[in-house]
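Below, each chain spelled out in residue letters.
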Amino acid sequence: MSSQKNYLQELNEVQRQAVTVTDGPVLVVAGPGSGKTRVLTYRIAHLIETKAQPWEILTLTFTNKAAKEMKNRIEKVVGGSAKKVWAGTFHSIFAKILRVEAEKIGYPSNFTIYDTEDSKSVISAIIKEMNLDKQLYNPGAMLSRISSAKSKLITPKLYAQNEELIQQDRAGKRPYVYEIYERYTARCKRSGAMDFDDLLYRMFELLQSNPDNVTQKYQERFKYVLVDEFQDTNFLQYRIVKKLVDYPNSPRNICVVGDDAQSIYSFRGATIQNILDFENDYKAHGIKIFKLEQNYRSTEHIVQAANELIQYNKNQIQKTIRSEKGAGNRIKLFKALTDTEEGKRVVDMITEQKNREHLSNKDIAILYRTNAQSRVFEEYLRRYNILYRIVGGLSFYQRKEVKDLLAYMRLAVNPNDDEALKRVINYPKRGIGDSTVDKISELASQSKQSMWKVLPLISPTLGAKANKSLAGFVHLMESFQEKVKAVDAYEAANFITQQSGVLEAVKNDAPQESKDRTENIIQLLDGIKEFVETDLEEDADVADKSLASYLQNIALVTDQDQDKDDNDRVTLMSVHAAKGLEFSSVFVVGLEENLFPSFMSSDTMEGIDEERRLFYVAITRAEAYLTLTYAASRYSYGKMRYNEPSRFIEEIDWQHLDADVPLHQRKTDTTSAPSEASNRATVRGNFTQIRKNDLPIVDPATFRPSPSEQIAVGQRILHLKFGEGNVKNIDGTNEKRVATIVFPHLDEPEKRIMLKFAKLQILEG
DNA sequence: GTTGGTATCTGTGGA
DNA sequence: AGATACCAAC
């Protein structure tokens, strides 16, 4: 076939090299709109045509959707064999491998995947069991502490031995975190369950402990490894990748693609340190670095604004993105008085763009910082009869009735799944109350077995009534277990839906609610039917149409991955969800201090830098039209709040802007907000609250912040969130004074703190 | 064990 | 504001 390599003609010189240099380590730094996906897909296609079998290629992506899209595009070049490429998220690929290998590390192959809610519930139970104060030991905080330990490869044992961590916990008056971690791990194992971090952590454990030479098996299988969105991987993920490709005499055929300027997941442990480490780790093995700086997406005003904006960040790989699409339109800036007005005006502008520029709904996106902001826009879009779709937010699988049914299915597949059991043992009500459940749970803890396993042993401690109810439940579940083994997912799910009584229970809700919930249940069953009937891939484990197989497939599916319908709709989503996408016209809304940048990040320079990268991602989604909006006042949590325009607006050079208010007024204009200083002060006060999830914590009752003007170099200070530190340096003046403070006990001891926002108490000096 | 009312928390992003 | 967790009374 002579047409085979036509795809190489579609690439520029750097892109072509990034595609054709297939052997040895490669780092591709890819700016926004620089054809990154094209490079990745053509690289894989090129590999298949020149040197590798599809199943020898492993591609790790950020979303399942990205993987699917990539496969489709590879298929267009090389045909159906593209389906055999291993492409998926870290979580889904490792889940797939662990299904096969789990027994080697003491897990059942039908292990359950716990979502965040399940994990928190396990932790709550442990806190209760240990008689600890759950204000102090906030389950969410514990989970994030455990999660961050896991992603640094710190086991419960290592945690207990780690001076620094123990010190932090003691400072926060939480000396038992390590024990919660230990019990949590044991409890998950007992239930045959893995949480999201375990899918990575256990994969690493498998490769590390190497039972039956399993590591070699995967090292040999994956001859070429590619990682997309490398800037958003964490330490643990990088270590797994290293295990797979970096061993003696390995060809080290590893290609990572990323953009440090688009790193927006540090809250989940992602670190751009991985990019720097990658460079170092493979320097001796002839690493090739390619920078894609040509932007094919956006016009010049947009690209220039993005370039200028990102210069405000301290650390970055220097690059300049170029556009050849001409100047294009200026960036529109619109100020609204209220969030409602913002919603109305954005929808007005959408209508105008549709008429004047002949855009379709699908060309347009509204991007916001938090999902909660979507409501006003929905309201006006509905009022104006404009079709829209919301990406993200509460996922379908998180709705109560869906979770209830899924819990029954999970329990039928894996009876040791304690979280599922607790969810359904008395739903619908069947006379098994809290005290009975507590007894079961206690006995399970004592005998270190799952709750299901101790059910036969519990009867002597119960009354006749409870025993009867319990026997009924056991009988019901046994019938489900048999059904699951005998028939396909759809038949089993149907049986469970009917017999469990969930459908009946839902009918007793309020009329509208009942209708919605019934519809959701029907939708769930339809989804299962579709799963059974369609053969998307030739993979063996997808040909498996059992309920167990279905549950495995949906556990890692998010709304982002749902196939959109073909209707022409305006897209509403968070900026995070927009990563990797592009639209002809983009509205970035809610550009206010405390919202974007989020108040959660406003107290450190690192936090602000990440918000800025997020804003960078937001504006570079736009091809031709970019509109920025903000509101002087916004209603949230029952209160009117007044915020200043986002600092990011000022960071865009006026020459790229087309503003409805005189530019010099942008920051100082407060005329529209009620000017009572007291009102502002209270709001400010709320926003500078410390987060509960952050450890260690200084007792707020005894904390006496000093006026920020008094902070000076050499002082020993106390920070609400970070504890004790020393002021090493101060730069900037007045409003923009930034202190570099060293907190010796932290992982990253040096923090750059904006004095305007931070609350610091001078201890001495 | 169940019911109904009240207190409490939540409150950035997502696999 | 809204959802959930918790508790006291039946």
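A brief look at the structure comes next. (Residues numbered from 1 in each chain as written. Chains lettered and ligands numbered in written order. Predicted model: local features only at pLDDT ≥ 70, side-chain atom pairs only at ≥ 80, totals over all residues. Heavy atoms only, no water.)

## Regarding the overall build of chain A
Across its full length, chain A holds 30 helices and 23 strands. Carbon and sulfur atoms form 49% of the exposed surface of chain A, whose accessible area is close to 34300 Å². (Helix = DSSP H or I, 4+ residues; strand = E, 2+ residues; numbered from the N terminus. Areas by Shrake-Rupley, 256 points an atom, 1.4 Å probe, with all protein chains shown as cover.)

## Notes on the side chain of Arg369
Within the element layout of this structure, Arg369 appears in the loop between β12 (364–368) and α16 (374–383). The exposure class assigned to Arg369 is buried, which follows from its relative accessible area of 17%. One polar contact links Arg369 to Glu611, side chain to side chain, over a distance of 2.8 Å. Apart from the residues lying within four places of it in its own chain, the contact partners of Arg369 are His576, Leu595, Phe596, Ser598, Glu611 and Leu614. (Buried < 20%, exposed > 50% of the residue type's maximum accessible area, 1.4 Å probe, protein only. Polar contact = N/O pair within 3.5 Å; in protein donor to acceptor, adjacent residues only side chain to side chain. Contact = heavy atoms within 4.5 Å.)

## Concerning the pairing of strand β2 (residues 57–61)
The buried count for β2 comes to five of five residues, which makes it a mostly enclosed element. Going residue by residue along β2, you find Ile57, Thr59 and Thr61 tucked away on one face and Leu58 and Leu60 tucked away on the opposite face as well. By the bridge criterion, four bridges tie β2 to strand β6 (residues 224–227) in an arrangement that is parallel. Across the sheet, residue Leu58 finds its bridge partner in β6, namely Val225. Crossover handedness for the path β2 to helix α3 (residues 64–78) to strand β3 (residues 86–89): right-handed. (Pairing = 2+ DSSP bridges. Right-handed = clockwise from strand over helix to strand, strands pointing away.)

## Let's talk about the side chain of Asn313
Residue position: Asn313 is located in the loop between α14 (300–310) and β10 (322–323). At 2.7 Å, the side chain of Asn313 and the side chain of Arg612 are in polar contact. When neighbours within four sequence positions are excluded, Asn313 is seen to be in contact with Asp609, Arg612 and Arg613.

## Considerations on the pairing of β12
The element β12 is largely enclosed, with a buried count of five among its five residues. Where β12 and strand β15 (residues 583–588) come together, four bridges link them in parallel fashion. Bridged to Ala365 within β15 is Val586.

## Some words on the sheet that holds strand β21 (residues 738–742)
Each strand in a sheet pairs with another by means of backbone hydrogen bonds, the pair being arranged parallel or else antiparallel. Overall, antiparallel pairing links the five strands, which are arranged β22-β21-β20-β19-β23 in an open sheet. Each of the sheet's edge strands pairs with one partner strand only, and the pair in question is β22 (750–754) and β23 (760–764). If you compare each strand with its neighbour and ignore which way they point, the axes differ by 40° on average. Where strand β19 (residues 716–719) lies against β23, four bridges are found, and the strand directions are antiparallel. (Axes fitted to C-alpha atoms, helices over the stretch in contact; angles between N-to-C directions.)

## Topic: the pattern of salt bridges
Considering all chains together, one arrives at 46 salt bridges under this definition. Among the salt bridges present, the one from Asp169 reaches Arg145, with a minimum N-O distance of 3.0 Å. Of the two residues, Asp169 sits in helix α8 (residues 163–171) while Arg145 sits in helix α6 (residues 139–150), which places them 24 residues apart along the sequence. Of the two residues examined, Asp169 and Arg145, each falls in the buried class. For the salt bridge of Arg202 with Glu205, the shortest nitrogen-to-oxygen distance reads 2.8 Å. Here Arg202 pairs with Glu205, and both are found in helix α10 (residues 196–209), just three residues apart, close to one helical turn. Looking at Glu205, the relative accessible area reads 26%, which means it is partly exposed. A single network of salt bridges, built from pairs that share partners, joins Asp115, Glu117, Lys400, Lys403, Asp404 and Arg423. (Salt bridge = Lys/Arg side-chain N within 4 Å of Asp/Glu carboxyl O.)

## Regarding the packing of aromatic side chains
The full count for this structure, using the stated rule, is 17 aromatic pairs. Residues Phe531 and Tyr550 carry aromatic rings whose centres are separated by 5.4 Å and whose planes lie at 70° to one another, so their mutual orientation is edge-to-face. Separated by 19 residues along the polypeptide, Phe531 in helix α24 (residues 511–533) and Tyr550 in helix α26 (residues 547–554) bring together distant segments of the chain. Note on accessibility: Phe531 and Tyr550 belong to one class, buried. For the ring pair Phe596 and Phe615, a centre distance of 5.7 Å and an interplane angle of 85° mean the geometry is edge-to-face. Here Phe596 is found in the loop between β15 and α28 (605–619), whereas its partner Phe615 is found in helix α28, with 19 residues between them in sequence. The pair formed by Phe596 and Phe615 is uniform in burial state, with each residue classed as buried. Taken together through their ring pairs, the aromatic side chains of Phe230, Tyr238, Phe278 and Tyr282 make up a single cluster. Over the ring of Tyr427 we find Lys400, and its NZ or CZ is 4.0 Å from the ring centre. (Phe/Tyr/Trp six-rings, centres within 6.5 Å; stacked < 30°, edge-to-face > 60°. Lys NZ or Arg CZ within 6 Å of the ring centre and 35° of its normal.)

## Section: the environment of Phe278
Mapped onto the elements, Phe278 comes out in helix α13 (residues 273–281). The spatial distance from the C-alpha of Phe278 to the C-alpha of Ser546 is 41 Å, given a sequence separation of 268 residues. The contact partners of Phe278, leaving out residues within four places of it in the chain, are Pro25, Val26, Leu27, Phe230, Tyr238, Ile254, Val256 and Ile287.

## Structural notes on the sheet that holds strand β7 (residues 254–258)
As summarised here, the arrangement of the six strands in space is β3-β2-β6-β7-β1-β8, forming an open sheet in which the pairing is parallel. In this open sheet, the two edge strands, each paired with only one partner strand, are β3 and β8 (288–292). Sheet twist, expressed as the average angle between the axes of neighbouring strands with direction ignored, equals 15°. By the bridge criterion, five bridges tie strand β1 (residues 26–30) to β8 in an arrangement that is parallel. Each bridged residue has a counterpart across the sheet, and for Val29 the counterpart in β8 is Lys291. Taken strand by strand, α13 contacts β1, β7 and β8, and its axis lies near 145° from that of β1.

## Some words on the nonpolar core
With 51 residues, the main nonpolar core has Leu406, Met409, Ile496, Leu524, Leu547 and Tyr550 as its most contacted residues. At nine residues, helix α17 (residues 400–413) tops the list of elements feeding residues into this core. Counting 45 residues, the second-largest nonpolar core is a separate cluster that includes Leu58, Ala102, Val241 and Ile275. (Core = buried A, V, L, I, M, F, W, Y, C linked by side-chain atoms within 4.5 Å.)

## Things to note about the packing of α17 against helix α22 (residues 489–500)
The geometry of α17 relative to α22 is characterised by a closest axis approach of 10 Å and an angle of 115° between their N-to-C directions. Between α17 and α22 lies a crossing whose hand is right-handed. Every residue of α22 that contacts α17 at Leu405, Tyr408, Met409 and Ala412 is listed here: Ala493, Ile496, Thr497 and Ser500. Here the residues of the contact of α17 with α22 sort into six nonpolar, two polar and no charged. (Left-handed = near helix turned anticlockwise from the far one by under 90°. Nonpolar A, V, L, I, M, F, W, Y, C, P; charged D, E, K, R; others polar.)

## Concerning unusual backbone geometry
Cis geometry is found at the peptide bond from Tyr427 to Pro428, where omega equals -5°. Checked against the element boundaries, Pro428 lands in the loop between α18 (418–424) and α19 (434–447). Cis geometry is adopted by the peptide bond preceding Pro597, which originates at Phe596 and carries an omega value of 10°. Phi is positive for Asp212, which is not a glycine, with a value near 50°. With respect to the helices and strands, the residue Asp212 is situated in the loop between α10 and α11 (214–221). By relative accessible area, which is 66% here, Asp212 ends up exposed. Despite not being glycine, His358 has its phi angle at roughly 55°, a positive value. Take His358: it is sitting in the loop between α15 (339–356) and β12. His358 gets classed as exposed once you look at its relative accessible area, which sits at 65%.

## Side note on α19
For α19, which comprises 14 residues, the first-to-last C-alpha distance of 20 Å matches the rise-based estimate of 20 Å (1.5 Å per residue) to within 8%. Within the span of α19, buried status applies to Thr436, Val437, Ile440, Ser441 and Ala444. End-on view of α19: buried residues confined to an arc of 135°, all on one side of the axis. Structural note: α19 exposes Asp434, Ser435, Glu442 and Gln446 on the side pointing more than 90 degrees away from its buried face. Immediately beyond the C-terminal end of α19, within one or two residues, lies Lys448, with a positive phi of roughly 55°. (Expected span 1.5 Å × (residues − 1). Arc of directions from axis to C-beta.)

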